[in-house]
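These are the residues of each chain, in order.
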Amino acid sequence: MNYDPIFDKWHEECGVFGVFDRTIDVARYVYWGLFALQHRGQESAGIAITDGNEVALKKGMGLLTEAIKELPTLKSHMGTGHVRYSTTGSNNPRNIQPLVIHYQGGQIAVAHNGNLTNALDIRRRLEADGSIFQTTMDSEVIVNLIARSKADTQEERIADAARQIEGAFSLVITTNDSLVGVRDPQGFRPLCLGKTEHGYVLSSESCAFDAIKAEFIRDIDPGEMVIIDDRGVRSTIYAEPQKIDKKLCVFEYIYFARSDSKIDGQSVYETRLNMGRELYNETKYDADIVMSIPDSGTTAALGYARASGIPFAEGLIKNRYSGRTFIKPNQEERELAVRMKLNAMPEVVGGKRIVLIDDSIVRGTTSGLIVKMLKEAGAKEIYMCVSSPAIEYSCHYGIDTSVRKELIAATHTIEEIRDYIKADKLHYLSKEGLCRAVSGVPEADLCFACFNGDYRVDVPTEQEEGVKYVLE
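Residues numbered from 1 in each chain as written. Predicted model: local features only at pLDDT ≥ 70, side-chain atom pairs only at ≥ 80, totals over all residues. Heavy atoms only, no water.

*Asks:* Explain the pattern of salt bridges here, please?
*Replies:* Working definition: two side chains of opposite charge can pair if their charged atoms are close together. Within the structure shown, the criterion is met by 23 salt bridges. Within this structure, Arg40, Arg189, Glu205 and Glu252 form a network of salt bridges that share partners. (Salt bridge = Lys/Arg side-chain N within 4 Å of Asp/Glu carboxyl O.)

*Asks:* Would you take a moment to explain the sheet that holds strand E24 (residues 425–428) for this structure?
*Replies:* What holds strands together in a sheet is hydrogen bonding between their backbones, with the strands either parallel or antiparallel. Ordered in space as E19-E22-E23-E24, the four strands form an open sheet in which the pairing is parallel. Of all the strands in the sheet, just strand E19 (289–292) and E24 have a single pairing partner and so form its edges. Strand-to-strand twist in this sheet, taken as the mean axis angle between neighbours without regard to direction, amounts to 20°. Of the pairings in the sheet, the one linking E19 to strand E22 (residues 353–358) comprises four bridges and is parallel in character. Residue Met291 lies in a different strand from E22, and its bridge partner there is Leu356. The sheet contacts of helix H9 (residues 298–308) involve E19, E22 and strand E23 (381–386), and relative to E19 the element is tilted by about 165°. (Pairing = 2+ DSSP bridges. Helix = DSSP H or I, 4+ residues; strand = E, 2+ residues; numbered from the N terminus. Axes fitted to C-alpha atoms, helices over the stretch in contact; angles between N-to-C directions. Contact = heavy atoms within 4.5 Å.)

*Asks:* Please clarify how the pairing of strand E14 (residues 224–229) should be interpreted in this entry.
*Replies:* One face of the sheet, then the other: side chains in a regular strand alternate in exactly this way. Among the six residues of E14, six are classified as buried, and the element is accordingly described as predominantly covered. Burial of E14 is two-sided: the residues Glu224, Val226 and Ile228 facing one way and the residues Met225, Ile227 and Asp229 facing the other way are all buried. In terms of strand pairing, E14 meets strand E15 (residues 232–237) through six bridges, oriented antiparallel. Residue pairing for E15: Ile228 is matched across the bridge by Val233. Following E14, the chain reverses through two residues before pairing antiparallel with E15. (Buried < 20%, exposed > 50% of the residue type's maximum accessible area, 1.4 Å probe, protein only.)

*Asks:* Would you mind going over the environment of Cys435 with me for this structure?
*Replies:* Among the structural elements, Cys435 can be located in helix H15 (residues 431–437). Each C-alpha atom, one on Cys435 and one on Thr271, is 9.7 Å from the other, the two residues being 164 residues apart in sequence. If we ignore the near neighbours within four places in the chain, the residues touching Cys435 are Glu443 and Phe448.

Read these as layout, nothing more, since geometry by itself doesn't imply function.
Next comes the structure, spelled out in structure tokens:
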């Protein structure tokens, strides 16, 4: 995942998708699936298809429609695809996935969502033993481990590699004769299984199944590997039992996933409505209108409005064609970039006491600009409500975060943050309220590390956080 400096957001770093079906145009179906996952990565995309003997690969920089202008034409029955954000300084065409390798055991195409916490140690060991790396991705560590495995079959080699890596990984892999899905023992990142009329599909999110009229079957369990081939679907638990400890990233529900997805049985849309209701129960603000910072806060704002009876209004209009904006050199240009993306409507906000809903505050750089914009448009008071607890710790399981000291909640009190962004009131959703919102998933099955620093898998030291070779 990646940080957007203008909108002060963390982004999911990538989405993965795979198809096994002998009756359809696989490349086209993978393309449609990636299109539905575009929100998980907007800087590059790739599609690899295979007939079991040859692999055809198309990939490029930009949105899917920019990156892949022509589909691979190989007549195939398997394919995997990937959309991605890059981390800081790593926007490099060499790092576009899927990674395709040919080795003694056959050929594989690997798409990876997540972040390996022990990748640097493994890479140093492999390089010392003579391995050569062509990219700066931790994903390349995975393919090296597969290629070096002494196991008999490709599936066993994949399982062998998966047992050596740590951190967050949801993998979709094509081998010579099968489509393989792997989810890490903690299940940090989502992965699910669907069915076409004559085949099967793997995807980061269930919303992609709707795009191709596939039927959702189930989520892949933490520590599980599924193998799809002409015999159907087989499943094995590759991870050692003592290492399986489900910890799905709760930010999938707060922000990363698309609202029409279900993750581990829990509706993302209903969860975000619940977050808004919980915010109202914790604040009971008396206001004239409820608004969101579009689009990520909109569903929670609807939940707040329904619970409170305060009307929901669109007081901020988003320019959906402005594109992603990178780091600006000064505050003036940052403010200009925000105004290019959002515009306040005086006829809606003028003279109003506003409950303003957003999903998170990372560094606080943008919230103050939006509050300023609304007050310049005539807003009387701004009551900022955040549908997540305060982010006080870096994430090492798929987000390219800054060192902890750059997270505003790690160094400032809530009152200091409120004063910094110039809001009249500021409230973060409590952890208890968040758990009630995600009612369908037990609290013990969720990762809250960015809120409480409870890292269940060893993470790099603070001194190593500046190392930017790992991507996904």
